[in-house]
Amino acid sequence: GGLTASALLQTSGLAVDNTEAVGALSDARITEADINAGLYDGAWVTAFLVNWMDVSARKTLFRGQVGEIRRGDGAFTAELRGLTELLNEPQGRTYLKTCPDLGLYDFDFMQPGYATEVPVETVEDRRIFRFAALPGFDPDWFERGRFEIKTGAAAGLSGGIKWDRITDAGREIELWMSVRQAVEPGDIIRLEAGSDGTLETCKLKFDNVINFRGFPFIPGEDWLSAVPKQSGSNNGGPLV
């Protein structure tokens, strides 16, 4: 209800099928707060041609995901992207010295010391969270980790942690991006330990080297200009 679809552009090749859906912002259906919070980002959409005399008789016209959403004047316009949009995403493994997933494949964050759930004490710009203390966790422990809101209006939203600092006022957790919904003191948030993706951090901090997905000994670009020499070590690092 409350949606009007525009013309559907379809091709026989690998180009992405596109259309738009226009709807009214209504508390009974889709609210501006929900859109602003990102609850519909990437949502799956299926459009049917239906025989209303027999609704089981239907034909699928379009299937895809919600792309960019524009809103204003009591309405919203959602870009709908077809299934071939998925072909634009990188596929396969990337060969890097660091682990592509922060070195935390197959890691259980339920282990003591790697995650905590605490109530919000003070919050600034929905991005900086300050606590009197977070005992039991070293400085920078949560840096590059994951942040999730468990209760309150923003429950279910998550993000990445940019900084984890010790200040004169206590502990400060800063996110990469502001939470797109109101967060109030007393709301419960979950903090998970972060990693820089290096083999050393994976070993010393998480004891998870067996699941490391990086390639720490892959030669660097300097090897393209390397020449034979009798001294020094050829270990793939910078040439000096």
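Described below are features of the structure shown in this document.

This model, assessed by the stated rule, comprises zero disulfides. Of the cysteine sulfurs around Cys99, a residue in no disulfide, the closest is that of Cys202, at 6.5 Å. Classification of Cys202 by relative accessible area gives buried; the value is 0%.

With that settled, consider the pairing of strand β8 (residues 128-131). With three bridges connecting them, strand β7 (residues 122-124) and β8 associate as antiparallel partners. By the bridge assignment for β8, Thr122 is matched with Arg130. Taking the residues that link successive antiparallel strands as the turn, the β7-β8 hairpin has three residues, and the phi of Asp125 there is positive, at about 60 degrees.

Of the voids in this model, the second largest pocket is the one considered here, and its volume is about 210 Å³. Lining the second largest pocket we find Ala37, Leu157, Ser158, Gly159, Gly160, Leu175, Trp176, Met177, Ser178, Val179 and Arg180. Grouping the constituent residues of the lining of the second largest pocket by class yields six nonpolar, four polar and one charged.

Once that is clear, we can look at the side chain of Glu192. Within the secondary structure, Glu192 is located in strand β12 (residues 188-192). Setting aside anything within four residues of it in sequence, one finds Glu192 in contact with Phe109, Tyr114, Ala115, Phe142, Gly145, Arg146 and Ile161.

On to the packing of aromatic side chains, then. Scanning the entire structure with this criterion turns up eight aromatic pairs. Ring geometry for Phe107 against Phe109: centres 5.2 Å apart, planes inclined by 80 degrees, an arrangement best described as edge-to-face. Neither residue differs from the other here; Phe107 and Phe109 are each classed as buried. When the centroid spacing of 4.9 Å and the interplanar angle of 80 degrees are considered together, the rings of Phe107 and Tyr114 count as edge-to-face. Like Phe107, the residue Tyr114 is buried in the burial classification. What links up through ring pairs into an aromatic cluster is the set Phe107, Phe109, Tyr114, Trp141 and Phe206. Across from the ring centre of Phe48, 4.8 Å away, lies the NZ or CZ of Arg58, which sits over that ring.

We now examine the sheet that holds β8. Strand order in the open sheet formed by seven strands is β6-β12-β9-β10-β11-β8-β7, and the pairing between neighbours is antiparallel. With one partner strand each, in any of the chains shown, β6 (115-119) and β7 form the two edges of the open sheet. Averaged over all neighbouring strand pairs, the angle between strand axes comes to 30 degrees, with direction disregarded.

Not every positive phi belongs to a glycine, and Asp125 is a case in point at roughly 60 degrees. Considering the arrangement of structural elements, one finds Asp125 in the loop between β7 and β8. A relative accessible area of 51% places Asp125 in the exposed class.

Evaluated as defined, the whole model comprises 13 salt bridges. Each of Glu124, Asp125, Arg127, Arg130, Arg165, Glu172 and Glu174 takes part in a single network of salt bridges with overlapping partners.

It is worth spelling out the side chain of Lys205 at this point. Within the secondary structure, Lys205 is located in the segment after α2 (199-204). In this structure Lys205 is buried but unpaired, with Asp164 as the nearest side chain of opposite charge at 7.4 Å. Polar side-chain contacts of Lys205 include one of 2.7 Å to the backbone oxygen of Gly194. In contact with Lys205, not counting residues within four places along its chain, are Tyr114, Asp140, Trp141, Ala193, Gly194 and Glu200.

Let us now look at the pairing of strand β9 (residues 146-149). Two faces make up the sheet, and in a regular strand the side chains alternate between them. For β9 and strand β10 (residues 158-167), the ladder comprises three bridges, and the chain directions are antiparallel. Each residue of the ladder has a partner; that of Phe147, found in β10, is Gly159. Where β9 lies against β12, four bridges are found, and the strand directions are antiparallel. When the sheet's bridge partners are listed, Phe147 is paired in β12 with Leu191.

Time to look at the nonpolar core. Counting residues in each nonpolar core, the largest one holds 25 residues, and the members touching the most others are Phe129, Phe142, Phe147, Ile173, Val179, Ile189 and Leu191. Mapped by element, the contributors of at least two residues to this core are β8, β9, β11 (170-175) and β12. Sequence-distant contacts of Ile173, defined by excluding residues within four places in its chain, comprise Arg127, Ile128, Phe129, Phe131, Phe142, Ile161, Trp163, Asp164 and Leu191. If you look at the next biggest cluster of nonpolar residues, it comprises eight residues, including Ile30, Ile35, Phe76 and Leu80.

Definitions and limits used
- Residues numbered from 1 in each chain as written.
- Predicted model: local features only at pLDDT ≥ 70, side-chain atom pairs only at ≥ 80, totals over all residues.
- Heavy atoms only, no water.
- Disulfide = S-S within 2.5 Å.
- Buried < 20%, exposed > 50% of the residue type's maximum accessible area, 1.4 Å probe, protein only.
- Pairing = 2+ DSSP bridges.
- Helix = DSSP H or I, 4+ residues; strand = E, 2+ residues; numbered from the N terminus.
- 1 Å grid on protein atoms, 1.4 Å probe; cavity = no way out; pocket = protein on both sides within 12 Å on 5 of 7 lines; lining within 4 Å.
- Points joined across faces, edges and corners; volume = space filled by probe spheres on them.
- Nonpolar A, V, L, I, M, F, W, Y, C, P; charged D, E, K, R; others polar.
- Contact = heavy atoms within 4.5 Å.
- Phe/Tyr/Trp six-rings, centres within 6.5 Å; stacked < 30°, edge-to-face > 60°.
- Lys NZ or Arg CZ within 6 Å of the ring centre and 35° of its normal.
- Axes fitted to C-alpha atoms, helices over the stretch in contact; angles between N-to-C directions.
- Salt bridge = Lys/Arg side-chain N within 4 Å of Asp/Glu carboxyl O.
- Lys, Arg positive; Asp, Glu negative; His and termini not counted.
- Polar contact = N/O pair within 3.5 Å; in protein donor to acceptor, adjacent residues only side chain to side chain.
- Core = buried A, V, L, I, M, F, W, Y, C linked by side-chain atoms within 4.5 Å.

Just distances and angles here, no functional claims.
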